[in-house]
Amino acid sequence: WQAKAAVDKARQTIAAKIGAEASEIIFTSGATESINLAIKGVFELYQVNGKHIITCETEHKAVLDTVEYLKSKGAEITYLKVNSKGLISLEELEKAIRTETILISLMMVNNETGVVFPVDEIGEIAIKNNIVFLSDATQALGKIDIDVKKSKIGLLPLSAHKIYGPKGIGALYVSRKNPRV
């Protein structure tokens, strides 16, 4: 009972920090597992609508490895380039969208450069086109404000050790409404 109470408290704390409901938080063994679960899950569930995924060439290796694996399962991947400031072009993102696009996976904060992506604008583009938006917030949690509802984020991977928590603990936010994933 004490362990359950501790897990429930942790779930509520994380949810409050990102503007989510506690029931939308799933614990994993780390951000890599959260990313794998999210991307592969979207592909499995939504591939009846299409098999196109948009990401960025500077994404974390966990994202890049997962989408490369999905290519062997029939996924089509578009890799957006970044400009000299490390940002994608929102125009290029919109041009890359197809009727069969099911996922946009773009990090919130780059793990090497610290560049903060315009997630509010990306979320608007995703929701307008009925596409799931995954934003890896591993480097963002505790450093910048996160509001998954405002940003229209459907999936948000997190890692405990980046905020001085124990290694081997991660979380995945899965939106249950607006948008429902």
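Rules used throughout
- Residues numbered from 1 in each chain as written.
- Predicted model: local features only at pLDDT ≥ 70, side-chain atom pairs only at ≥ 80, totals over all residues.
- Heavy atoms only, no water.
- Helix = DSSP H or I, 4+ residues; strand = E, 2+ residues; numbered from the N terminus.
- Rg over C-alpha atoms; globule rule 2.2 N^0.38 Å.
- Buried < 20%, exposed > 50% of the residue type's maximum accessible area, 1.4 Å probe, protein only.
- Contact = heavy atoms within 4.5 Å.
- Areas by Shrake-Rupley, 256 points an atom, 1.4 Å probe, with all protein chains shown as cover.
- Lys, Arg positive; Asp, Glu negative; His and termini not counted.
- Charge placed at Lys NZ, Arg CZ, Asp CG, Glu CD.
- Polar contact = N/O pair within 3.5 Å; in protein donor to acceptor, adjacent residues only side chain to side chain.
- Arc of directions from axis to C-beta.
- Phe/Tyr/Trp six-rings, centres within 6.5 Å; stacked < 30°, edge-to-face > 60°.
- Lys NZ or Arg CZ within 6 Å of the ring centre and 35° of its normal.
- Pairing = 2+ DSSP bridges.
- Right-handed = clockwise from strand over helix to strand, strands pointing away.
- Axes fitted to C-alpha atoms, helices over the stretch in contact; angles between N-to-C directions.
- Parallel < 35°, antiparallel > 145°, perpendicular 65-115°, else oblique.
- Left-handed = near helix turned anticlockwise from the far one by under 90°.
- Nonpolar A, V, L, I, M, F, W, Y, C, P; charged D, E, K, R; others polar.

Engineer: Tell me about the overall build of the protein, and name the residues and values.
Structural biologist: Within the protein, the regular secondary structure consists of five helices and seven strands. Reading the helices (α) and strands (β) of the protein from amino to carboxyl end gives α-β-α-β-α-β-α-β-α-β-β-β. Against the 2.2 N^0.38 benchmark of 16 Å for 181 residues, the protein shows a C-alpha radius of gyration of 16 Å, consistent with a compact globule. Counting all 181 residues of the protein, 46% fall into the buried class. Of all intrachain contacts in the protein linking residues separated by at least 6 positions in sequence, the fraction that spans at least 24 positions is 64%. Here the protein has roughly 9400 Å² of accessible surface; of this, 52% comes from carbon and sulfur atoms. Computing the positive centroid from 23 side-chain charges and the negative centroid from 21, the protein places the two 5 Å apart.

Engineer: Quick rundown of the environment of aspartate 120? Include the residues and the values.
Structural biologist: Here aspartate 120 lies in helix H5 (residues 119-128). Residue class for aspartate 120 comes out partly exposed when judged on its relative accessible area of 27%. Sequence-wise, aspartate 120 and lysine 150 are 30 residues apart; in three dimensions their C-alpha atoms are separated by 7.0 Å. Apart from residues no more than four positions distant in its own chain, aspartate 120 is found in contact with Lys150 and Ser151. Polar contacts involving the side chain of aspartate 120 include one to the side chain of serine 151, which spans 2.5 Å.

Engineer: Quick one: what's the story with H5, residue by residue and with numbers?
Structural biologist: Because each turn of an α-helix spans 3.6 residues, side chains separated by three or four positions end up pointing in the same direction. Buried within H5 we find Val119, Ile122, Gly123, Ile125 and Ala126. For H5, the angular spread of buried residues about the axis comes to 160°, placing them on one side. Where H5 is buried, its residues contact helix H4 (90-96), strand E4 (101-105) and strand E5 (132-134). Two residues or fewer past H5, asparagine 130 is found with a positive phi of approximately 55°.

Engineer: Run through the side chain of threonine 101, naming residues and quoting values.
Structural biologist: Its place among the elements puts threonine 101 in strand E4. Here threonine 101 falls in the buried class, since its relative accessible area comes to 5%. Separated by 2.6 Å, the side chains of threonine 101 and histidine 52 make a polar contact. Engagement of the side chain of threonine 101 in a polar contact is seen with the backbone nitrogen of arginine 98, the distance being 2.8 Å. Residues within four places of threonine 101 in sequence aside, it is in contact with His52, Ile54, Ala96 and Ile131.

Engineer: Describe in detail the packing of aromatic side chains, supporting the description with residues and values.
Structural biologist: Scanning the model with the defined rule gives zero aromatic pairs in all. Against the face of tyrosine 69 rests lysine 40, its NZ or CZ located 4.7 Å from the ring centre.

Engineer: Give me the lowdown on the pairing of E4, citing residues and values where you can.
Structural biologist: Extensive coverage of E4 is indicated by the burial of five of its five residues. Across three bridges, the pairing between strand E2 (residues 52-56) and E4 is parallel. By the bridge assignment, isoleucine 53 is partnered in E4 with leucine 103. With three bridges connecting them, E4 and E5 associate as parallel partners. Bridging from a neighbouring strand, leucine 103 pairs with valine 132 of E5. Regarding topology, H5 serves as the crossover connection from E4 to the parallel E5, and that connection is right-handed.

Engineer: Describe the packing of helix H2 (residues 31-46) against helix H3 (residues 61-71), listing the residues and the values that go with them.
Structural biologist: Remark: H2 packs on H3, axes separated minimally by 9 Å, with the N-to-C direction vectors making an angle of 30°. Classified by the angle their axes make, H2 and H3 are roughly parallel. Taken as a pair, H2 and H3 cross one another with a handedness that is right-handed. Listed contacts from H3 to Thr32, Ile35, Asn36, Ile39, Lys40 and Phe43 of H2 are Ala62, Val63, Thr66, Val67, Tyr69 and Leu70. When its residues are assigned to classes, the contact of H2 with H3 shows eight nonpolar, three polar and one charged.

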